[in-house]
Amino acid sequence: MSDAAACFHCALPVLDKRYTVSIDGLARAVCCPGCKAVAELIRDSGMSQYYALREAPEPGVGRPEDDAGEWEIFNRPDMLEAFGATTSGGKAEATIYVGGMYCTACSWLIETTLRAVPGVADADVNPVTHRLRTVIDTRQVGLGDVLATLARLGYHPQPLAPESSAAPEVIEQRTALKRLLVASLGMMQAMMFAVALYAGEFKGISADMERFLRLVSFFVTTPVVFYSARPFFAGAIRGIRSRHPGMDLPVAIAIGAAYAASVWSTFYDGPAVWYDSVTMFVFFLTVGRFLEMRARHRSIDKSVALTSILPNTVIRVEEDGEATVPATQLVAGDTVRIRAGEPIPADGRLLEGSTSVDEALLTGESRPLAKAPGDSLLAGSVNLDAQILLEVGNTGVDTTLGTISRLSERARYTRPGFVRVADRVASYIVVAILVVAVLVATGWSMVAPERAFEITLSVLVVTCPCALALATPAAFAAAGTRLAQLRLLVTNGDAVEAMSRATHVVFDKTGTLTRGLPRIAETRVFADDTDADTLTRIAAAIESASTHPLARAFGAIDTSFEATEVETVVGHGISGTVDGRHYRLGRSAYVAPGSSEAGTDDRPTVYIGDGETLLGVFVLDDEPRADAADTLTALRSMGLEVSLISGDRHAAVARTAEELGIDDFAAGCTPQDKLDHLKRLQAGGAVVVMVGDGINDAPILAGADASIAPAHSALLAQTSADVIMVGDLLRPVVTAVEIARHTLRIVRQNLAWAIGYNIVALPLAVAGLVPPWLAAIGMSASSLIVVLNALRLSRAGSTDRTVPA
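Note that this is a predicted model, so its numbers are computed, not measured. (Residues numbered from 1 in each chain as written. Predicted model: local features only at pLDDT ≥ 70, side-chain atom pairs only at ≥ 80, totals over all residues. Heavy atoms only, no water.)

Peer 1: Outline the packing of aromatic side chains, listing residues and values.
Peer 2: Following the criterion strictly, the structure yields 7 aromatic pairs and no others. Ring centres of Trp 274 and Phe 453 lie 5.2 Å apart, and the angle between their planes is 55 degrees; this geometry places the pair in the tilted category. On the criterion of sequence distance, the pair formed by Trp 274 in the loop between α10 (248–268) and α11 (275–302) and Phe 453 in helix α15 (residues 449–462) is long-range, its members being 179 residues apart. Ring-pair connections join several aromatic residues into one group, and the members of that group are Phe 218, Phe 219, Phe 226, Tyr 259 and Phe 267. One residue, Arg 179, lies across the ring of Tyr 227, its end atom 4.8 Å from the ring centre. Just above the ring of Tyr 590 sits the side chain of Arg 584; from NZ or CZ to the centre is 4.8 Å. (Phe/Tyr/Trp six-rings, centres within 6.5 Å; stacked < 30°, edge-to-face > 60°. Helix = DSSP H or I, 4+ residues; strand = E, 2+ residues; numbered from the N terminus. Lys NZ or Arg CZ within 6 Å of the ring centre and 35° of its normal.)

The structure is reproduced here in structure tokens:
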């Protein structure tokens, strides 16, 4: 086969004649960019004779892995549906785990390269979690094309489904553990031989024995350099290619130079070897990165703490009957039968039946909403009253619940301001270190040439900015992990820094300071033949069979009565027979037709009667959260001002404020009123944390310096919030501020240590007072101190969720 028809490197047919490589002065056609890159590498390495000496290759032998072929399957629509979320305008959003990243230069290279690809609308990399969020125009580019581009850059991409497990992180952890094991074994053996060599310098050693010890040290160190230290070399090469050097560059130069000089001394009887320094340097750096990786992986694991309430199986109505199928098999257009008390499995439209649904989890609305045919239903809401038929609209990640679960994932790509500053500073410091190293090498070459290499090596090692580069990411990763453990999901990294500076905490009332659940505040009796206790226990017996939200007010009441013939009348109330007498509970017109309602200050009411006579009324109120008062006290003890702002009526807000000891409150506020109140506080220099759950809280949540929304809050509120608080208690608000303050203290300590260490160590290394082995210990110890100091955040805060006595 001629060169014109077959690839010069791998002998496959050349379908695209754009790719050529110059070998021995002749332009040779190659089939793809991969073969071109390999052929150029062989040529530039001075091994072009390989092509003259080799036998004719079998087609395809020697060709690098075909990324396009491997990733082409991910361009299929069903793959995009499984691993991405479609948006408007033919665009889709996907999350990709990028293996092989080691510094911020990787983030820059990936983002810059992908944004240059036609059809890629956005690409954001989180270097802490090694995850890429990309938005693509599916009409121009496929998910497989993005993955192939990453593979060609030398990374190992794995697309993640929104509910994907942490399998890629597990693989990364296993690989890192293997590298650490090799480095530790190599260091121990190299140090053992180094002790003998050092002893020989003082007491004498034969040339043959010295040569033998150097040789075995070479064999022990080589796997450490080429396996355990491989990530440092890969990161350094990427930094050079991207013209954005990271901390891997001086590390790679130091390891490579020390190893190369030691190899030369081993085989040509040079003055010294530094195998012990090389293995020690690689080991301690690998330990530091392993600890940082563990903190990062825990952050990922805990950030998926939100659990789904959707059913595992559903009853699908088909042409030939009904079938129970997994909920994951539902598609748009399916018809599903949902019985009373069951959750809605997908977003859709009510086809048949009338009912009321509980959307408290999704919208924050504690009262049931009446639904008639044609009305929309949301996945995660609960069908309360009657059997219905649902026409499926959106399923899985496209539902309202799916959107909520993506909030935390998307937020991981916002790097805190401290981290961004540290990234920029570390890059400049790398360049400065290289300049200093060149100056030191030049100076010592003139003063004491025999010590120039050793001292330059010490300077490169001792001043590596690893500690500075790890100072902030390690702290914020550990803080995110700890907050997630304490049921706080951070969706905006800048919120931690803002909460650490907070001066005011502003609360919404309904669903935030209060539980959004009814309680019996007052019982009024209108009949002479009964009393409040008896009526309450009778009502509790009947309401025990009800799924209506207001029935929860009677759930905690201990009753000996038993109700029979219980019947729910949708939109009116419930009835039942107790001790032979028929009772009705609900609206006054249903309980006792013709009766008038009692004045209750607009609070919710449940009337009880026998169908003819009104026997009494239960006045309900919204119960404050069990730890609300203690939480507010704790916030005040931390020096924070506490305010209450609500759209509720003045009387209701005033009652809650008085009960919880809040002096600064505002009632009847529109969303704009709330936002204006916030701006007045901020104009006075306040740093405000807003805690709210309703749709009307979305503007103030977005405008606050930091914001927290309960997990049950309205979707728009969760989208606007920086932190999602899981659970029924308010104590996590205190925990969030405590850990935020602790995190910033840790960051300042880490930065101070990293900068102070380099200020002290650099002059000593330049003066020749720090040997390479001591430089390796010093730099590695500095990095370990920073990581371990950050990991102290894993014990910050309290896991105690009990209410103080």
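Peer 1: Help me get a handle on the pattern of salt bridges, residues and values and all.
Peer 2: Inspection of every chain in the model, using the stated rule, returns 23 salt bridges. Among the salt bridges present, the one from Glu 497 reaches Arg 501, with a minimum N-O distance of 2.8 Å. Residue Asp 621 pairs with Arg 655 through a salt bridge whose shortest N-O separation is 3.8 Å. One end of the pair, Asp 621, is in strand β24 (residues 614–624); the other, Arg 655, is in helix α22 (residues 650–660), and 34 residues separate them in sequence. Through salt bridges with shared partners, one network takes in Glu 93, Arg 115, Asp 122, Asp 124 and Arg 133. (Salt bridge = Lys/Arg side-chain N within 4 Å of Asp/Glu carboxyl O.)

Peer 1: Go over the nonpolar core with me, naming the residues and quoting the values.
Peer 2: Formed by 54 residues in total, the largest nonpolar core has its most connected members in Phe 232, Val 251, Ile 255, Phe 281, Val 282, Val 461 and Met 779. Going through the elements one at a time, α7 (167–203), α8 (207–228), α10, α11, α14 (417–447), α15, α26 (731–766) and α27 (772–791) are the ones with two or more residues in this core. Here the element with the most residues in this core is α11; it accounts for 10 residues. When residues are assigned to domains, this core turns out to be shared by domain 3 (170–297) and domain 5 (420–487 + 739–798), each giving three or more. With residues up to four places along the chain from it excluded, the contact list for Val 282 reads Ala 183, Val 224, Ser 228, Ala 229, Phe 232 and Ile 255. Judged by nonpolar contacts, the second largest core, of 50 residues, contains Ala 479, Ala 502, Leu 632 and Val 786. (Core = buried A, V, L, I, M, F, W, Y, C linked by side-chain atoms within 4.5 Å. Buried < 20%, exposed > 50% of the residue type's maximum accessible area, 1.4 Å probe, protein only. Domains from an automatic or database assignment. Contact = heavy atoms within 4.5 Å.)

Peer 1: Give me a nonpolar patch on the surface: which residues, what numbers.
Peer 2: A contiguous nonpolar surface patch, about 590 Å² in accessible area, is contributed by Leu 215, Phe 219, Trp 264, Phe 267 and Tyr 268. Counting residues per element, the ones that place at least two in the nonpolar patch are α8 and α10. Judged by its relative accessible area of 45%, Phe 267 is partly exposed. (Patch = residues over 30% accessible without salt bridge, like charges linked within 9 Å, V, L, I, M, F, W, Y side chains within 5 Å. Areas by Shrake-Rupley, 256 points an atom, 1.4 Å probe, with all protein chains shown as cover.)

Peer 1: Tell me about the pairing of strand β6 (residues 131–137), and name the residues and values.
Peer 2: Here β6 lies mainly inside the structure; 7 of its 7 residues are buried. The side-chain alternation of β6 yields two buried faces, one formed by Arg 131, Arg 133, Val 135 and Asp 137 and the other by Leu 132, Thr 134 and Ile 136. As paired elements, strand β4 (residues 91–99) and β6 share 7 bridges and run antiparallel to each other. Across the sheet, the residue bridging to Ala 92 is Ile 136, located in β6. Taken together, the 6 bridges between strand β5 (residues 120–126) and β6 define a ladder with antiparallel strand orientation. Each residue of the ladder has a partner; that of Val 125, found in β6, is Leu 132. (Pairing = 2+ DSSP bridges.)

Peer 1: Tell me about the confidence of the model for the protein, residues and numbers included.
Peer 2: Averaged over every residue, the pLDDT of the protein is 78; the share at 70 or more is 79%. Predicted confidence is poor over residues 60–68, with pLDDT under 50, and the contacts of this stretch with residues over four places away or in other chains come to 19 contacts. Below pLDDT 50 for its whole length, residues 301–308 participates in 15 contacts with residues either more than four positions away or in separate chains. (pLDDT = per-residue confidence, 0-100.)

Peer 1: Quick rundown of unusual backbone geometry? Include the residues and the values.
Peer 2: If you check the backbone angles, Glu 565 has positive phi at about 50 degrees while not being a glycine. Looking at the secondary structure, you find Glu 565 in strand β20 (residues 563–569). Taking relative accessible area as the criterion, Glu 565 reaches 62% and is therefore assigned exposed. Non-glycine residue Asp 579 carries a positive phi angle of around 50 degrees. Relative to the helices and strands, Asp 579 resides in the loop between β21 (573–578) and β22 (581–586).

Peer 1: Tell me about the sheet that holds strand β18 (residues 504–507), and please be specific about residues and values.
Peer 2: Sheet strands associate in pairs through backbone hydrogen bonding, adopting either a parallel or an antiparallel arrangement. The strand order across the open sheet formed by 7 strands is β17-β29-β28-β27-β18-β25-β26, and the pairing between neighbours is mixed. Looking at which strands have only one partner, the edges of the open sheet turn out to be β17 (488–490) and β26 (664–666). The mean inter-strand angle of the sheet, taken between neighbouring strand axes irrespective of direction, is 20 degrees. Direction of pairing for strand β25 (residues 641–645) relative to β26: parallel, over a ladder of 3 bridges. Within β26, the residue paired with Ile 645 across the bridge is Ala 666. Packing against the sheet, α22 makes contact with β25 and β26, and its axis sits at approximately 160 degrees to β26. (Axes fitted to C-alpha atoms, helices over the stretch in contact; angles between N-to-C directions.)

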